[in-house]
Amino acid sequence: MSVAKRVSEEMETDLGDKVGYAIRFEDVTGPNTIIKYMTDGVLLRETLKDADLDKYRVIVMDEAHERSLNTDVLFGILKKVVARRRDFKLIITSATLNADKFSKFFGGVPIFHIPGRTFPVNIMFSKTPCEDYVEAAVKQAMTIHITSGPGDILIFMTGQEEIEATCYALAERMEQLISSSTKTVPKLEILPIYSQLPADLQAKIFQKAEEGARKCIVATNIAETSLTVDGIFYVIDTGYGKMKVDNPRMGMDALQVFPVSRATADQRAGRAGRTGPGTCYRLFTESAYQNEILPNPVPEIQRTNLGNVVLLLKSLRVENLLDFDFMDPPPQENILNSMYQLWVLGALNNVGGLTEIGWKMVEFPLDPTLAKMLLMGEQLGCLDEVLTIVSMLSVPSVFFRPKDRAEESDAAREKFFVPESDHLTLLNVYLQWKSNQYRGDWCNDHFLHVKGLRKAREVRSQLLDILKTLKIPLTSCHMEWDVVRKAICSAYFHNSARLKGVGEYVNCRNGMPCHLHPSSALYGLGYTPDYVVYHELVLTTKEYMQCVTAVDPQWLAEMGPMFFSVKETDTSLLDHKKRQKEEKTAMEEEMEKLRQEQAEAARIEKEKEWEKRAKQQQQVAMPGLKKGATYLRPRKMGL
DNA sequence: GAGCACTGC
């Protein structure tokens, strides 16, 4: 948006006239617009309406090296547009040196090199692998502060907990230094930054340090690309970052610490050279940089759930997804897995084409499961309620839990609990916020993130617009919460679990163990329901179900007959099962085979995963921290 | 009785 604004000023027109922009919730363009700035997501959705992109003569894909999921899908689509249209030009800009790869993909097109505008950065490697990078980073920062010239410091850590530990240790070291020193010690402003940090605290990193003071920013990879701070002369890079990895075999996500790639390490180092020549201290060896880490990050498309991508490509009538021209194709197994999930949801028919439900699901900017929930809400007459739940699930958790007020915020959260359902708890939160005029101070009083709730409201209104264009009326079940639970159940029956022990469940389909999270509304219920469905399974210290709703097993049998049968002699259900069996097609049989293979693969994968984690991770008590405070650190570099 | 890299539609 800010680029569009600058260009429109340059061209002496109003923003939205000749020059405009479009992002998710905002379209500032008009009939005169000749230059339109937009996100890759907006362009991708435009291809759904106009596959040839006839509106455009030239498309510039910026920051292509970031290889976002949307960009990678667009590459394949745009390659076809280039082949079909002679009047169309495509320009791709990338900050890394792998221009050859892009050129090759588009058929050996010419490459133009434009020199950068940054200052040189002196790189310093560790001589030996570092045992404790929090400690090493603190030491390095203190050395810079005491011995080096002016300029701010930026430290890359993997997450909130490490950032807090680093800041705490830095403050302590500074205190020691001041009390033991006879000379005055220059001030060090220690500033944490990560995306979950409240906005007012985030803003602090952009304020100029007071006279004679030095800023030391301790950041996650948010400071790699998302935000830029000028005045950084020193970067300290731990060489690690967190990444979300989807494990389709286990049906589970995990946020894991990985060594960063060479390209990412270079990107981090570059942050020291924006204002003048800088220095980057890498807390890993040169040999690790050269020989152990990957040259580039694994593109998102190869490590993410492909449900949305499959749905989108199917709607673009790509018959065989395994043949689609991806620059870096995702593993075939991931594609098949996502197809299976979509088939289970009823979005794909037995020959792999979109069903009526599937075509509707494409319209919504939602995960397939959530789109399905919306459509079930329509069918069951509780669309209004489901719409809110879906919107709340599309934003990061709205519950705010600062460390120093943990008990207080837990108590506040519990007041919203609807027994037996975290989904309904989310609905409850939203409804109460609404009846308090969507006020920000009300959120603060109740330990809720205002930002998240506002976003949920925006998502809700966007989805409502889409429902309107599809002529789907907004129905309500007026607090008949069993109806809502039924709609929830119908979207999640692939994520259903059966009680096995105290707070311990197993996935109904593949026997994967899964546990209630202590923050769930079902946790302190006094009893545990026999059957539940969950939004997602997350691997941390255990396999935790996140966002859980108790369900009636009858519902599972009614709505997911490909998985479940009921033991009671309910003839209508049995007949239904029988009919299903007779109608089994080749695709169904194949899918059933796949299901069994998956169950076995999941078991093996689980064992492997835990073995790997046992090797990789070590709980280390932080010296100088409050008792019990720990952080996770990988032992040494390596994949 | 636990843990939250980061975009994007």
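Residues numbered from 1 in each chain as written. Chains lettered and ligands numbered in written order. Predicted model: local features only at pLDDT ≥ 70, side-chain atom pairs only at ≥ 80, totals over all residues. Heavy atoms only, no water.

1. With respect to the overall build of chain A
Then step 1. Assigned secondary structure in chain A consists of 22 helices and 20 strands.
Then step 2. Relative to its 639 residues, chain A shows a buried fraction of 46%.
Then step 3. Of the contacts formed within chain A by residues at least 6 apart in sequence, a portion of 67% connects residues at least 24 apart.
Then step 4. Roughly 33,000 Å² of accessible area belongs to chain A as shown, and the carbon and sulfur atoms make up 52% of that amount. (Helix = DSSP H or I, 4+ residues; strand = E, 2+ residues; numbered from the N terminus. Buried < 20%, exposed > 50% of the residue type's maximum accessible area, 1.4 Å probe, protein only. Contact = heavy atoms within 4.5 Å. Areas by Shrake-Rupley, 256 points an atom, 1.4 Å probe, with all protein chains shown as cover.)

2. Considerations on the sheet that holds strand E9 (residues 214-219)
Then step 1. With respect to topology, six strands assemble into an open sheet ordered E6-E13-E10-E7-E9-E8, the strand pairing being parallel. One side of each edge strand has no neighbouring strand; the edge strands of this open sheet are strand E6 (121-126) and strand E8 (188-193). Each neighbouring strand pair of the sheet contributes to a mean axis angle of 15°, computed without reference to strand direction.
Then step 2. With five bridges connecting them, strand E7 (residues 152-156) and strand E10 (residues 232-237) associate as parallel partners. Each bridged residue has a counterpart across the sheet, and for Phe-156 the counterpart in E10 is Asp-237.
Then step 3. The sheet strands contacting helix H8 (residues 262-270) are E6, E7, E10 and strand E13 (278-285), and the helix crosses E13 at an angle near 145°. (Pairing = 2+ DSSP bridges. Axes fitted to C-alpha atoms, helices over the stretch in contact; angles between N-to-C directions.)

3. Let's talk about the packing of aromatic side chains
Then step 1. Per the counting criterion, the structure on display carries 13 aromatic pairs.
Then step 2. Ring centres of Phe-75 and Phe-105 lie 6.4 Å apart, and the angle between their planes is 55°; on these two criteria the pair is classed as tilted. Of this pair, Phe-75 sits in helix H3 (residues 69-84) while Phe-105 is found in helix H4 (residues 99-105), placing the two residues 30 residues apart along the sequence.
Then step 3. For Phe-105, a relative accessible area of 10% translates into the label buried.
Then step 4. Judged by centre distance (4.9 Å) and plane angle (90°), the ring pair of Phe-105 and Phe-106 falls under edge-to-face.
Then step 5. What makes Phe-106 buried here is its relative accessible area of 15%.
Then step 6. One aromatic cluster is present, formed by Phe-75, Phe-102, Phe-105 and Phe-106 through successive ring pairs. (Phe/Tyr/Trp six-rings, centres within 6.5 Å; stacked < 30°, edge-to-face > 60°.)

4. Looking at the packing of helix H16 (residues 422-435) against helix H19 (residues 481-491)
Helix packing for two helices is described by the angle between their axes and how far apart those axes are.
Then step 1. Contact geometry of H16 with H19 gives a least axis separation of 10 Å together with a crossing angle of 120°. Judged by the angle between their axes, H16 and H19 are oblique. Judged by the twist between their axes, the crossing of H16 over H19 is right-handed. Contacts from His-423, Leu-424 and Leu-427 in H16 reach Trp-481, Val-484, Arg-485 and Ile-488 in H19.
Then step 2. In terms of residue class, the contact of H16 with H19 is built from five nonpolar, one polar and one charged. (Parallel < 35°, antiparallel > 145°, perpendicular 65-115°, else oblique. Left-handed = near helix turned anticlockwise from the far one by under 90°. Nonpolar A, V, L, I, M, F, W, Y, C, P; charged D, E, K, R; others polar.)

5. Side note on the environment of Pro-368
Then step 1. The topology assignment puts Pro-368 in helix H13 (residues 368-380).
Then step 2. A relative accessible area of 8% means that Pro-368 is categorised as buried.
Then step 3. Placed 114 residues apart in sequence, Pro-368 and Ala-254 show a C-alpha to C-alpha distance of 20 Å.
Then step 4. If sequence neighbours within four positions are ignored, Pro-368 has contacts with Gly-307, Asn-308, Leu-311, Leu-342, Leu-345 and Met-361.

6. What about the protein's contact with DNA strand B?
Then step 1. Surveying the vicinity of DNA strand B reveals 27 residues, the closest of which are Arg-24, Ser-195, Arg-401, Thr-540 and Thr-541.
Then step 2. Among all atoms of DNA strand B positioned within 4 Å of the protein, those belonging to sugar or phosphate total 58%.
Then step 3. Between Arg-24 and DNA strand B, the recorded distance is 2.8 Å, taken from a backbone N or O atom to a phosphate oxygen.
Then step 4. Between Asp-410 and DNA strand B, the recorded distance is 3.2 Å, taken from a side-chain N or O atom to a base nitrogen. (Near = heavy atom within 4 Å. Polar contact = N/O pair within 3.5 Å; in protein donor to acceptor, adjacent residues only side chain to side chain.)

7. Let's talk about the domain arrangement of chain A
Then step 1. The domain boundaries assigned to chain A delineate domain 1 (2-105), domain 2 (121-295), domain 3 (323-475) and domain 4 (487-559).
Then step 2. Between the C-alpha centres of domain 2 and domain 4 the distance comes to 39 Å.
Then step 3. Both sides of the domain 2 and domain 4 interface together cover about 550 Å² of buried area, and 57% of this is carbon and sulfur.
Then step 4. Of all residues in domain 2, the largest losses of buried area upon contact with domain 4 belong to Met-250, Met-252 and Asp-253, amounting jointly to 71% of the total for that side.
Then step 5. On the surface where domain 2 and domain 4 come into contact, there are zero salt bridges. (Domains from an automatic or database assignment. Buried area = accessible area lost by both parts, 1.4 Å probe. Salt bridge = Lys/Arg side-chain N within 4 Å of Asp/Glu carboxyl O.)

8. As for the nonpolar core
Then step 1. Leu-313, Phe-364, Met-373 and Leu-453 are the most contacted members of the largest nonpolar core, which totals 93 residues.
Then step 2. Among residues more than four places away in sequence, those in contact with Leu-453 are Met-392, Val-398, Val-429, Tyr-430, Trp-433, Cys-443 and Leu-448.
Then step 3. One finds Ala-141, Ala-169, Leu-170 and Met-174 within the second-largest nonpolar core, a separate group that totals 27 residues. (Core = buried A, V, L, I, M, F, W, Y, C linked by side-chain atoms within 4.5 Å.)

9. A closer look at the sheet that holds strand E3 (residues 35-38)
Then step 1. Reading across from one edge, E2-E1-E3 is the order of the three strands in this open sheet, with mixed pairing throughout. Looking at the sheet topology across the chains shown, the edges are occupied by strand E2 (26-28) and E3. Strand after strand, the sheet turns through a mean of 15° between neighbouring axes, direction not considered.
Then step 2. Direction of pairing for strand E1 (residues 19-23) relative to E2: antiparallel, over a ladder of three bridges.

10. Describing a nonpolar patch on the surface
Then step 1. Taken together, the side chains of Val-58, Val-60 and Ile-91 define a hydrophobic patch exposed on the protein surface, amounting to about 240 Å² of accessible area.
Then step 2. Relative accessible area serves as the criterion here: at 49%, Val-60 is assigned to the partly exposed category. (Patch = residues over 30% accessible without salt bridge, like charges linked within 9 Å, V, L, I, M, F, W, Y side chains within 5 Å.)

11. Some remarks on the pattern of salt bridges
Then step 1. Scanning all chains against the criterion turns up 25 salt bridges.
Then step 2. Residues Asp-72 and Arg-67 are paired through a salt bridge, measuring 2.7 Å at the closest nitrogen-oxygen approach.
Then step 3. What makes Asp-72 buried here is its relative accessible area of 1%.
Then step 4. With a relative accessible area of 11%, Arg-67 lands in the buried category.
Then step 5. Through salt bridges that share partners, Arg-67, Asp-72, Lys-101 and Asp-328 make up one connected network.

12. Details of the pairing of strand E16 (residues 513-516)
Two faces make up the sheet, and in a regular strand the side chains alternate between them.
Then step 1. Pairing analysis gives three bridges linking strand E15 (residues 504-507) to E16, with the strands arranged antiparallel. Residue pairing for E16: Glu-504 is matched across the bridge by His-515.
Then step 2. As judged from the two bridges shared by E16 and strand E18 (residues 543-550), these two strands associate in the parallel manner. Residue pairing in the sheet places His-515 in a bridge with Tyr-544 of E18.

13. Quick word on the UniProt feature "domain: Helicase C-terminal" (unreviewed entry) in chain A
Then step 1. Per the UniProt record, "domain: Helicase C-terminal" (unreviewed entry) is found at residues 137-317.
Then step 2. Span residues 137-317 is 34% helix and 26% strand, its end C-alpha atoms 52 Å apart. (UniProt positions renumbered as here; feature names shortened; annotations may be inferred.)

14. Quick look at the state of the cysteines
Then step 1. Counted by the stated rule, this structure contains zero disulfides.
Then step 2. Not part of a disulfide, Cys-382 finds its nearest cysteine sulfur in Cys-477, a span of 4.9 Å. (Disulfide = S-S within 2.5 Å.)

15. Topic: the packing of helix H10 (residues 307-315) against helix H11 (residues 332-344)
Then step 1. In contact at an axis separation of 9 Å, H10 and H11 are set at 80° when each is read in the N-to-C sense. Between H10 and H11, the interaxial angle falls into the category roughly perpendicular. Residue-level contacts link Gly-307, Val-310, Leu-311 and Lys-314 of H10 to Ile-335, Ser-338, Met-339 and Leu-342 of H11.
Then step 2. When grouped by side-chain class, the residues that make up the contact of H10 with H11 number five nonpolar, two polar and one charged.

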